[in-house]
Structure formats: structure tokens, C-alpha cells
Amino acid sequence: MKIYYFDNSATSSPKPESIYKVVESAMKEFNANPGRAGHRKAVEAGRKIYEVREKIAKFFNIKNSLNIAFTANATESLNFAIKGGIPQNSHVITTNFEHNSVLRPLFYMQDEKDIKLTFVNTYDEIEKNITSETKAVVINHISNVNGTIQNIEEIGKICKKHNLLFILDASQSAGYSYIDMEKHNISILCLTGHKSIFGIQGIGAICIKDEIKIEPILEGGTGSFSKLSRQPKEMPEMLEAGTLNTPGILSLGAGIDFINEIGLKNIKKHEDILIEKFIIGLNKLEKIKVYKSFTKDQGPVVSLNIEGIDSGDLAQILDEEFGILVRPGFHCAPLAHKAIGTYEIGAVRFSFGYFNTEEEIDYALDALKNITLQI
Ligand SMILES: Cc1ncc(COP(=O)(O)O)c(C=O)c1O
């Protein structure tokens, strides 16, 4: 049976051929511990990693590539940003569309560090909720549940005006949306490598503006500053405790090369065509409830339910009978499901990527129609 992969919000699949190749070469040719020795293999691995830092810096307009630290994923980056960057006893504004990798560190901060939280649905509610205690705004750029896109240009302006830390979770947007650390006044950018950047799983990054100070929450070996009893304060070593994931880092670099080759605008345009076609098609079907974006634009993800069918059962039918792979349930974003009214029942999420086609969208619409006709 042919497989139709619509779970790109979880992880992008397939990857460009160049990703498979670079990971193999990282294992075979650069298989040494970067920064841990002066021999040629370690130096070469270090040089390759430096090149990826430069690529990331250029892609997101980060002034100093040494302010980019590699992490395991967005979850680690967000923990570093939230637990290491938000002051105790402060007030933080965030959204109902956050993933648990933002919510759980924030609730930890609420319980253990006395921070107060305000949740909004969209960026236009931020400014009126700012108080004298507000120190940070933590935003999921694109919802992994209904594709709500927060306007980072406006949020950046608000944060600049009120001198607030702007932490951006770009897990769903990096590789689809245009993101510029300087222009959008982002204080800390948190990335995961395995979604729209096309890298492998287990690689992410945190990018910090020069003037932003954060405390490391993980300590360990850095290959340099070995005699220091505590974690060095220099970036990127401060946030890179332990051996780096060289194959993952090189895959991230190859992913950025691929995006540059196709063009970010072209990737976005293609995915926008797919989501628009899907939503127009869904609107023509009966018995389907579609949970659309809370903002005018919508990222390449949409959740839905079919009346009378549990979301887990629907995902199973789609997989077993039609070869369609989607994700049911709550998508690690409980408050988003509260906001769209599916906290009790969950929903089935379709998320598209660059390698999906319009024919695949037609197939998915036909499959859903078929299912609705059988109930
Ligand atoms: C919006 C959002 N933030 C954070 C994450 C966490 O990403 P990772 O699991 O790669 O750390 C995800 C993953 O699904 C996500 O969709």
C-alpha cells in the first residue's frame, strides 16, 4: 500500500537525499569528538560544525555565530531559555497555543520560582496584559494544532518598546516562515532540527542575542576551560555541556543548504497551496469539523474531527484502510485543545511538508469523504 505521510509537524519525512548522505559521511569521515583534541579528525569535525553555525547565523540573521549553541531539540533549548533566562518573581505573557516543552518549564517556574503567567490566544492581546512586573514574552510562532501564526514582527516591536525578553519557539516555523533575529527583535530563538529544517532527530539549537544573559542549567564537559570548577560563561560552551551530535549538526547544515537551494519563499508557497486546497476541500464535506487558525494566516497544519468517530479510531482507519499517516489526540498542547474546544475529545491532525503534493491532498479528501459516507 502506498503511504501518505501527513505528520510533518511531528517530524518531516522524507528528508532530502543530501541529509542521508551527510549523516553517513559524518559517521564515516568526521567520526571524531569535535573540540576534544587537536588531532586532524577532531579539528576537521570542529571545522564542519563551525560552518553549520555560520549557516544558521546567516539564515536567521544572527550577528555573532558563537551565540548559537547546539542542543538536542527545541525542548532542551526552551528549558535553557525559560529556566535560565526568566527572572524569579516576574510576570510572563505566553499563549494558549504553547507546546508542553514551553508549558511545563513555565509551570515549573510558576511553582518553584514564583513567576506569574498570563495566557493569550493571539499576539494582539499581549500589550494590554503587560504590567510593571512583566519581564518576558514566550511565543509559539506556529501552532502545531491549528496552524495559528503569531505575528513576530509586531511582538518584537512590543518587546522592544517595553524592554521585554522575547523567547520564540520556532519549532513549527523555522524552514517555513521568514525569521530574522535582528529585524524581529528576538532575544532567544529556539529551534528543533528535525521538522521543516529537514535534519535528523536529536538536534536543535538555541540562539541568543549578545546582550541577553542567561544562566546555564546543565553543566559538564566542554573540551575547553577544563580547569574551571563551574560551567564557562562563554557562548557557545556555556550551553554545550557534553559531546555534540556531529551527524545531527551536519544534517541541520545540509537542511539549511536544501532550503536555500529551493528558496524559503518557494517552500512556503508550496505548503500554502496544499493547506488552502485541503481546507477548501474539507469545507465541502459534511460531518467534518475543522479547527482553523485563530489568525488570518494558517501554517501547514490543520486539525479536524468526524462526527461520531473517536480521533484515535479515525487515525487508525486512515492508516489501515488508506495508508494515510496522521496524528490524533492532544499533540502535547493541552491548552490549544481547550482553546479550540477539543480538550475532552482530541482531534486528528494533518500536517503537510515540502514533499507532499496536490495529488496527495486530493487522495486525503477522497479518503475522508469515503469515511463520512460510511457513517
Ligand atoms: C510548537 C512546538 N514546540 C516544541 C516542540 C518540541 O520539539 P522537540 O520534540 O523536537 O523538542 C514541538 C514538537 O512537536 C512543537 O510542535
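What counts and what doesn't
- Residues numbered from 1 in each chain as written.
- Predicted model: local features only at pLDDT ≥ 70, side-chain atom pairs only at ≥ 80, totals over all residues.
- Heavy atoms only, no water.
- Helix = DSSP H or I, 4+ residues; strand = E, 2+ residues; numbered from the N terminus.
- Salt bridge = Lys/Arg side-chain N within 4 Å of Asp/Glu carboxyl O.
- Buried < 20%, exposed > 50% of the residue type's maximum accessible area, 1.4 Å probe, protein only.
- Domains from an automatic or database assignment.
- Contact = heavy atoms within 4.5 Å.
- Buried area = accessible area lost by both parts, 1.4 Å probe.
- Polar contact = N/O pair within 3.5 Å; in protein donor to acceptor, adjacent residues only side chain to side chain.
- Nonpolar A, V, L, I, M, F, W, Y, C, P; charged D, E, K, R; others polar.
- Axes fitted to C-alpha atoms, helices over the stretch in contact; angles between N-to-C directions.
- Parallel < 35°, antiparallel > 145°, perpendicular 65-115°, else oblique.
- Left-handed = near helix turned anticlockwise from the far one by under 90°.
- Expected span 1.5 Å × (residues − 1).
- Core = buried A, V, L, I, M, F, W, Y, C linked by side-chain atoms within 4.5 Å.

Some words on the environment of His 39
Turning to step 1, where the next piece is worked out: Mapped onto the elements of the fold, His 39 is located in the loop between helix H1 (17–28) and helix H2 (40–59).
Turning to step 2, where the next piece is worked out: For the pair His 39 and Ile 197, spaced 158 residues apart in sequence, the C-alpha to C-alpha distance is 31 Å.

Here's the deal with the pattern of salt bridges
Turning to step 1, where the next piece is worked out: Counted by the stated rule, this structure contains 15 salt bridges.
Turning to step 2, where the next piece is worked out: Between Arg 53 and Glu 240 there is a salt bridge, with the nearest N and O atoms lying 2.9 Å from each other. Here the residue Arg 53 occupies a position in helix H2, and Glu 240 occupies one in the loop between strand E8 (204–208) and helix H6 (246–262), the gap between them amounting to 187 residues. Of the two residues, Arg 53 and Glu 240, both sit in the buried class.
Turning to step 3, where the next piece is worked out: Across the salt bridge formed by Asp 257 and Lys 55, the nearest N and O atoms sit 2.9 Å from each other. Of the two residues, Asp 257 is situated in helix H6 and Lys 55 in helix H2; the sequence distance between them amounts to 202 residues.
Turning to step 4, where the next piece is worked out: Shared partners join several salt bridges into a network, and the residues in it are Glu 44, Arg 47 and Glu 51.

Examining the domain arrangement of the chain
Turning to step 1, where the next piece is worked out: Domain parsing of the chain yields domain 1 (4–13 + 263–373) and domain 2 (17–262).
Turning to step 2, where the next piece is worked out: Its C-alpha centre places domain 1 at a distance of 27 Å from the equivalent point of domain 2.
Turning to step 3, where the next piece is worked out: If you look at the interface, domain 1 gives 36 residues, while domain 2 gives 33 residues.
Turning to step 4, where the next piece is worked out: Between domain 1 and domain 2, the buried area comes to about 2,800 Å², and carbon and sulfur atoms account for 61% of it.
Turning to step 5, where the next piece is worked out: Among the residues of domain 1 in contact with domain 2, Leu 264, Phe 294 and Leu 335 are the three that bury the most area, contributing 20% of the side total.
Turning to step 6, where the next piece is worked out: Inspection of the region where domain 1 meets domain 2 yields zero salt bridges.
Turning to step 7, where the next piece is worked out: Scanning the region where domain 1 abuts domain 2 turns up 21 residue pairs in polar contact (both at pLDDT 80 or more).
Turning to step 8, where the next piece is worked out: Where the side of domain 1 that touches domain 2 is concerned, the elements lending two or more residues are helix H7 (264–283), strand E10 (301–306) and helix H9 (334–340).
Turning to step 9, where the next piece is worked out: Looking at side-chain class alone, the side of domain 1 that touches domain 2 contains 17 nonpolar, 13 polar and six charged residues.

A few points about the packing of H7 against helix H10 (residues 358–374)
The description of two packed helices rests on the angle between their axes and on the distance between the axes.
Turning to step 1, where the next piece is worked out: Orientation of H7 relative to H10, taken along the N-to-C sense of each, is 25 degrees, at an axis distance of 10 Å. Classified by the angle their axes make, H7 and H10 are roughly parallel. In the packing of H7 onto H10, the handedness of the crossing is right-handed. Residues Ile 273, Leu 274, Lys 277, Phe 278, Gly 281 and Leu 282 of H7 lie in contact with H10, whose contacting residues are Glu 358, Ile 361, Asp 362, Ala 364, Leu 365 and Leu 368.

So, helix H3 (residues 74–85)
Turning to step 1, where the next piece is worked out: Over its twelve residues, H3 runs 15 Å from end to end, which matches the ideal 16 Å to within 8%, given 1.5 Å per residue.
Turning to step 2, where the next piece is worked out: Most of H3 is tucked away: nine of the twelve residues are buried.
Turning to step 3, where the next piece is worked out: Its buried side turned inward, H3 meets strand E2 (68–71), helix H4 (100–113), strand E5 (134–140), strand E6 (165–169), strand E7 (188–192) and E8.
Turning to step 4, where the next piece is worked out: Where H3 begins, one side-chain oxygen reaches toward the backbone nitrogen of Thr 75, 3.3 Å away; that side chain belongs to Asn 73.

What about unusual backbone geometry?
Turning to step 1, where the next piece is worked out: Cis geometry marks the peptide bond from Ser 13 to Pro 14, where omega comes out at 0 degrees.
Turning to step 2, where the next piece is worked out: Along the chain, Pro 14 falls in the loop between strand E1 (4–5) and H1.
Turning to step 3, where the next piece is worked out: Even without glycine at this site, Asn 163 takes up a positive phi of about 55 degrees.
Turning to step 4, where the next piece is worked out: Inspection of the secondary structure puts Asn 163 in the loop between helix H5 (152–161) and E6.
Turning to step 5, where the next piece is worked out: A relative accessible area of 70% means that Asn 163 is categorised as exposed.
Turning to step 6, where the next piece is worked out: The backbone of Lys 287 sits at a positive phi, close to 70 degrees, despite the residue not being glycine.

Comments concerning the nonpolar core
Turning to step 1, where the next piece is worked out: Counting 50 residues, the largest nonpolar core has Ile 56, Phe 60, Phe 70, Leu 168, Ile 179, Leu 189 and Leu 191 as the members making the most contacts within it.
Turning to step 2, where the next piece is worked out: Among the elements that take part in this core, H6 stands out by supplying seven residues, more than any other.
Turning to step 3, where the next piece is worked out: With sequence-adjacent residues up to four places away left out, Leu 168 is seen in contact with Ile 139, His 141, Ile 152, Ile 179, Ile 186, Ile 188, Leu 189 and Cys 190.
Turning to step 4, where the next piece is worked out: The next biggest cluster of nonpolar side chains, apart from the first, holds 29 residues, and it includes Leu 274, Ile 279, Ala 367 and Ile 371.

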